[in-house]
Amino acid sequence: MLPIAACASLLKRMDPVMMELLAKALEKVTFTMGEMEGVPLPQDTCDAWETIHNFQAREDDIIIATYPKAGTTWAQEILDLIMLEGDTLKACRAPCFIKIPFIDLVPIKPMKSGVELANKMESPRLLKTHFPIQLVPPSFWEKNVKVVYVARNAKDCMVSYYYFQKMNKGLPDPGTWDEYFSTFMSGKAPWGSWFDHVIGWWNAREKHQILYTFYEDLIEDLEREIRRMAKFLGKDLSEEAIEKIKQHTSFQAMKDNPMTNFTVLPKAVFDQSVTPFMRKGKVGDWKNHFLVSQNEVFDATYKKRMEGVDLTFRDLL
Ligand code: PPS
């Protein structure tokens, strides 16, 4: 059976009752934002801070760390398939947000929090976080876990995040594009400043096992980046496995795959009639959104914030 067809049949067996309960529960909930050490985060994450901060990593955990909208889901699927040595059927065992717990997240019941899901998982685990480096649970470093960090140029991140905040009912409405531009530039978007995030993780790679990758590089040469990630994880993959991973993680394949496109979530969570989660998957969409004046403000801020940092982003011009 084709993996995507297998996904569809597996989904039919997924718990529709849970999804209905979730949709009902969401009707009664209003989401609020809080702050942790000055970083805007969902209030539920702040309320569960002690549990999240004390999360116990394991030595063989692999963490996918990103600023939101940098290509997290893409990296999740690639890394899962590397660990599975290209077994696309096994990669369809569950939606990406179940098989790779998002440890920052505390959704409303009956969904389990990222920490709850992770604690129940067998090793080796793949885990996701959007935390800036200073908010990461200390056990990550005590256990010397491997981290794959994905960075994406801020302009495309901003556009992607704007659409995501429009459709994700668990995050604040972004307002107009102009309003959102100011929110993002002032570091007030959920999970904070893009600049602090990419620089913080960049500097940390000298002390920890961090593979720093770029969305634009994945777009440029997916096969090369799969090989890089596999090498980092110590996986020697066959050519056949690499080819399968490449095909299964193409934009179109992931857009069509119910395990990666988030269509299993009810409209009350992600309203994909507003915009699909797998939206465009391109480099440079910012050019369709940035006004000349916004571009000037961004470029000046970028120059100032990145001064003296040996980290360069492409596709910003
Ligand atoms: S999240 O919500 O933070 O986890 O979102 P994240 O997965 O980091 O980012 C979503 C954006 O990544 C794009 N994407 C891809 N692009 C190219 N190829 C593949 N396979 C792929 N998978 C996900 C997705 O389309 C979002 O970007 P935009 O620009 O909005 O299309």
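Quick caveat, the model's predicted, so the values are computed rather than measured. (Residues numbered from 1 in each chain as written. Predicted model: local features only at pLDDT ≥ 70, side-chain atom pairs only at ≥ 80, totals over all residues. Heavy atoms only, no water.)

**Q** Help me out: how do you make sense of the UniProt feature "domain: Sulfotransferase" (unreviewed entry) in the chain in this one?
**A** Residues annotated by UniProt as "domain: Sulfotransferase" (unreviewed entry) correspond here to residues 60-308. For the annotated span residues 60-308, helix accounts for 45% and strand for 8% of the residues, and the straight-line distance between the end C-alpha atoms is 34 Å. (UniProt positions renumbered as here; feature names shortened; annotations may be inferred. Helix = DSSP H or I, 4+ residues; strand = E, 2+ residues; numbered from the N terminus.)

**Q** What am I meant to see in the site of the ligand here?
**A** The immediate surroundings of the ligand are formed by 22 residues, with T72, T73, S160, K280 and G281 found nearest. Between T249 and the ligand, the recorded distance is 3.0 Å, taken from a backbone N or O atom to a nitrogen atom. Separating an oxygen atom of the ligand from a backbone N or O atom of G281 is a distance of 2.7 Å. In the complex, 98% of the free accessible area of the ligand, which totals 640 Å², lies under the protein chains. Put simply, the parts of the chain that give the shell around the ligand at least two residues each are α5 (72-83), α10 (154-167) and α16 (251-256). Per-element accounting of the shell around the ligand gives the leading share, three residues, to α5. For the shell around the ligand, the class distribution of residues is nine nonpolar, eight polar and five charged. (Near = heavy atom within 4 Å. Polar contact = N/O pair within 3.5 Å; in protein donor to acceptor, adjacent residues only side chain to side chain. Areas by Shrake-Rupley, 256 points an atom, 1.4 Å probe, with all protein chains shown as cover. Nonpolar A, V, L, I, M, F, W, Y, C, P; charged D, E, K, R; others polar.)

**Q** Would you take a moment to explain the environment of R205 for this structure?
**A** Structurally, R205 is set in the loop between α12 (194-204) and β6 (210-214). On a C-alpha basis, the gap between R205 and V147 in space is 9.2 Å, while along the polypeptide they are 58 residues apart. Contact partners of R205, with chain neighbours within four places excluded, come to I210 and Y212. Of note is the side chain of R205, whose polar atom sits 2.6 Å from the backbone oxygen of W202. (Contact = heavy atoms within 4.5 Å.)

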